[in-house]
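What follows is the residue order along each chain.
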Amino acid sequence: MKHNLILNTDSYKASHYLQYPPGSEYVSSYIESRGGQFPEAVFFGLQAFVKEYLLQPISTADIAAAETLLHQHGLPFHRAGWEHIVAAHGGLLPLEISAVAEGTPVPSHNVMLQMVNTCPACFWLTSYMETALLRAIWYPTTVATQSREIKKRIAGFLRETADNLEGLPFKLHDFGARGATSQESAMLGGMAHLVNFQGTDTVAGLVAARRFYAADMAGHSIPAAEHCTMTAWGREREVDAYANMLDRFAGPGKTLAVVSDSYDLWHAIENLWGGKLRSRVVNSGGTLVLRPDSGDPVAIVTESLERLMRIFGFCENTRGYRVLPDFIRVIQGDGVSRHSIPKILQAMKERKISADNITFGMGGELLQKLDRDVMNFAMKASAIRINGHWQPIYKDPVTDPEKKSKRGRLALIVDDRGKLQTVAATALGGRNNLLRPVFRNGTLLINTNFAEIRHLAQIDQ
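Everything numeric in this text was worked out from a predicted model, so none of it was measured.

Each value, and the rule that gives it
- Residues numbered from 1 in each chain as written.
- Predicted model: local features only at pLDDT ≥ 70, side-chain atom pairs only at ≥ 80, totals over all residues.
- Heavy atoms only, no water.
- Helix = DSSP H or I, 4+ residues; strand = E, 2+ residues; numbered from the N terminus.
- Expected span 1.5 Å × (residues − 1).
- Buried < 20%, exposed > 50% of the residue type's maximum accessible area, 1.4 Å probe, protein only.
- Phe/Tyr/Trp six-rings, centres within 6.5 Å; stacked < 30°, edge-to-face > 60°.
- Pairing = 2+ DSSP bridges.
- Contact = heavy atoms within 4.5 Å.
- Axes fitted to C-alpha atoms, helices over the stretch in contact; angles between N-to-C directions.
- Core = buried A, V, L, I, M, F, W, Y, C linked by side-chain atoms within 4.5 Å.
- Parallel < 35°, antiparallel > 145°, perpendicular 65-115°, else oblique.
- Left-handed = near helix turned anticlockwise from the far one by under 90°.
- Nonpolar A, V, L, I, M, F, W, Y, C, P; charged D, E, K, R; others polar.
- Salt bridge = Lys/Arg side-chain N within 4 Å of Asp/Glu carboxyl O.

Participant: Which residues make up helix H5 (residues 130–161), and what are the values?
Facilitator: For H5, which comprises 32 residues, the first-to-last C-alpha distance of 46 Å matches the rise-based estimate of 46 Å (1.5 Å per residue) to within 8%. Burial of H5 is extensive: 26 of the 32 residues sit out of reach of the surface.

The following block contains the structure:
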């Protein structure tokens with residue numbers, strides 16, 4: 001799809017070229033998380049944005065279309081500026097974007113990206129791109145961050161209640177595709193979740209990871225039932241619906257998931273899975289994953305596990321927690337969030353049930369119930385060069401000190417304590433700047449693959 005990048009902005013940006021001081025040449029801006037619900041942000045999404053939007057030149061047709069629309073909209077249009085980009089730069093944006101490596105957890109209140117124009121005639125371009133670039137960063141970064149924070153919590157319960165963390169990569173499954181606002185949101189959010197986990201039903205995330213980050217197959221799934229395919233058999237033939245799932249998908253080394261609450265979850269567990277189909281479940285050679293899908297998640301999960309253990313038995317691991325036989329597990333996909341997951345796992349722990357027994361499926365809470373303010377993302381100008389002299393610029397509103405912005409050209413370093421810290425670029429003093437040039441004048445300078453991103457984002461285990 002051909003994007004008109006000139007129109008990927010806010011309306012008021014169109015008039016800003018007329019608002020800068022005379023002699024303006026370069027404007028430098030940065031992106032940071034100003035705090036919020038997580039202490040650090042997993043930087044992610046820049047390469048996808050660059051490949052999708054910045055490697056194709058704008059054209060005279062783009063300029064004409066943008067001019068017509070913005071004039072009708074009631075705004076001035078910098079035709080001469082855009083024509084200069086086409087004539088002098090072949091339609092490729094004269095910008096340099098430097099950023100920390102994708103996958104890096106960056107503590108809040110630190111720079112993670114810095115952008116500056118490379119042509120003095122285009123001083124207005126840096127901030128013009130704020131809307132497109134900030135949106136491209138805050139959303140996938142927030143999804144990747146939330147996903148990683150949940151991974152930490154699950155890992156903590158596994159350390160306490162399981163013999164190992166081998167199952168961790170598949171403990172949070174992405175159910176969010178249908179709840180996303182668009183295919184592009186599903187692509188970006190689904191891909192961001194896969195930075196931390198390998199289970200997903202969001203096909204768009206797989207496509208994006210392959211397209212933008214050379215991931216041949218970033219995630220995996222299994223055959224699974226939905227209510228439609230189960231209720232299509234009718235209530236009287238519920239057991240036949242379940243038997244058909246075993247006929248089609250069960251077998252040595254195979255895993256399948258079956259939603260079991262279409263009518264009466266307890267009847268399904270006690271009399272169908274644990275009754276008429278019990279021997280088939282036990283002897284399949286694979287794993288049946290039961291999905292309760294309604295009711296209070298804490299109560300339903302713990303009660304389901306208790307009943308399954310009574311019916312199918314359990315063993316006690318080296319930490320003294322109960323574990324179902326390998327042929328049966330539970331996945332909870334209703335009411336799952338970063339708040340409910342620890343509550344469920346804590347309730348299981350109190351009953352001496354290992355976190356090994358459960359996987360979580362997360363939908364709207366994973367990809368959709370997020371906004372820019374979850375981590376207070378902002379892109380702000382911090383320096384301008386006027387008539388050959390750089391000077392810092394900043395905001396410091398007396399009515400909201402939290403919105404105070406940084407000053408000058410910036411760098412990101414590892415300080416003496418081993419922590420990431422933002423410093424003035426002029427104060428580097430030979431230290432390594434973690435903000436690496438990634439894009440310059442229409443060229444992608446660093447092509448990162450998904451494995452590298454996952455490595456940087458991994459948690460301590």
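From this point, the narrative continues.
Participant: Requested: an account of the packing of aromatic side chains, with residues and values cited.
Facilitator: With the rule as written, the count across this model stands at 12 aromatic pairs. Look at tryptophan 138 and tyrosine 139: their rings are 5.8 Å apart centre to centre, the planes differ by 80°, and that puts the pair in the edge-to-face class. Judged by centre distance (4.6 Å) and plane angle (20°), the ring pair of tyrosine 242 and tryptophan 273 falls under stacked. You can see tyrosine 242 sitting in helix H9 (residues 238–249) and its partner tryptophan 273 sitting in helix H10 (residues 265–276), a full 31 residues away along the chain.

Participant: Break down the sheet that holds strand S12 (residues 328–332) for me, with residues and values.
Facilitator: Across the sheet, which stays open at both edges, the 6 strands sit in the order S7-S6-S13-S12-S9-S8 with parallel pairing between neighbours. The sheet is open, and its two edges are formed by strand S7 (199–200) and strand S8 (255–259), each paired on a single side. Bridge analysis of S12 against strand S13 (residues 358–362) gives 3 bridges, and the strand direction is parallel. In the sheet register, isoleucine 331 faces S13, and the bridge partner there is threonine 359.

Participant: Which residues make up the sheet that holds strand S3 (residues 95–99), and what values do they have?
Facilitator: As summarised here, the arrangement of the 7 strands in space is S15-S14-S1-S5-S3-S18-S19, forming an open sheet in which the pairing is antiparallel. Looking at strand neighbours, the two that pair on one side only are strand S15 (389–392) and strand S19 (443–444), the edges of this open sheet. Where strand S18 (residues 436–440) meets S19, 2 bridges bridge the pair, whose relative direction is antiparallel. Among the inter-strand pairings, phenylalanine 439 is bridged to a residue of S19, identified as leucine 444. Against the sheet, H5 engages strand S1 (24–33), strand S5 (111–117) and strand S14 (377–386), with an angle of about 140° to S14.

Participant: Report on the nonpolar core, specifying residues and quantitative values.
Facilitator: One finds Trp82 and Phe450 to be the most contacted residues of the largest nonpolar core, which totals 139 residues. Sorting elements by how many residues they give to this core places H5 first, with 14 residues. Residue contacts for phenylalanine 450: discarding those within four places in its chain leaves Phe44, Met191, Leu194, Val195, Ala209, Tyr213, Ala215 and Ala218.

Participant: A description of the environment of phenylalanine 439 should follow, citing residues and the corresponding values.
Facilitator: Tracing the sequence through the fold places phenylalanine 439 in strand S18. It is 21 Å that separates the C-alpha atoms of phenylalanine 439 and phenylalanine 377, two residues lying 62 residues apart in sequence. Apart from residues lying up to four places away in sequence, phenylalanine 439 is in contact with Val50, Leu54, Leu55, Leu93, Leu95, Glu96, Ile97, Leu444 and Leu445.

Participant: Describe in detail the packing of H10 against helix H12 (residues 297–312), supporting the description with residues and values.
Facilitator: Put simply, H10 and H12 touch, their axes get as near as 11 Å, and they point 20° apart. As the angle between them shows, H10 and H12 are arranged roughly parallel. Helix-helix and strand crossings are classified by hand; for H10 and H12 the assignment is right-handed. Every residue of H12 that contacts H10 at Leu265, Trp266, Ile269, Glu270, Trp273 and Gly274 is listed here: Ile300, Glu303, Ser304, Arg307, Leu308, Arg310, Ile311 and Phe312. The class makeup of the residues in the contact of H10 with H12 is 8 nonpolar, 2 polar and 4 charged.

Participant: Just give me the short version of the pattern of salt bridges, but keep the residues and values in it.
Facilitator: Under the defined criterion, the tally for this structure stands at 23 salt bridges. The salt bridge partner of arginine 210 is aspartate 216, with a shortest N-O separation of 3.8 Å. The partly exposed category is assigned to arginine 210, whose relative accessible area is 45%. Between arginine 310 and glutamate 270 there is a salt bridge, with the nearest N and O atoms lying 2.3 Å from each other. One end of the pair, arginine 310, is in helix H12; the other, glutamate 270, is in helix H10, with 40 residues separating them in the sequence. Arginine 310 gets classed as exposed once you look at its relative accessible area, which sits at 55%. Taken together, the shared-partner salt bridges connect Glu40, Arg148, Glu149 and Lys152 into one network.

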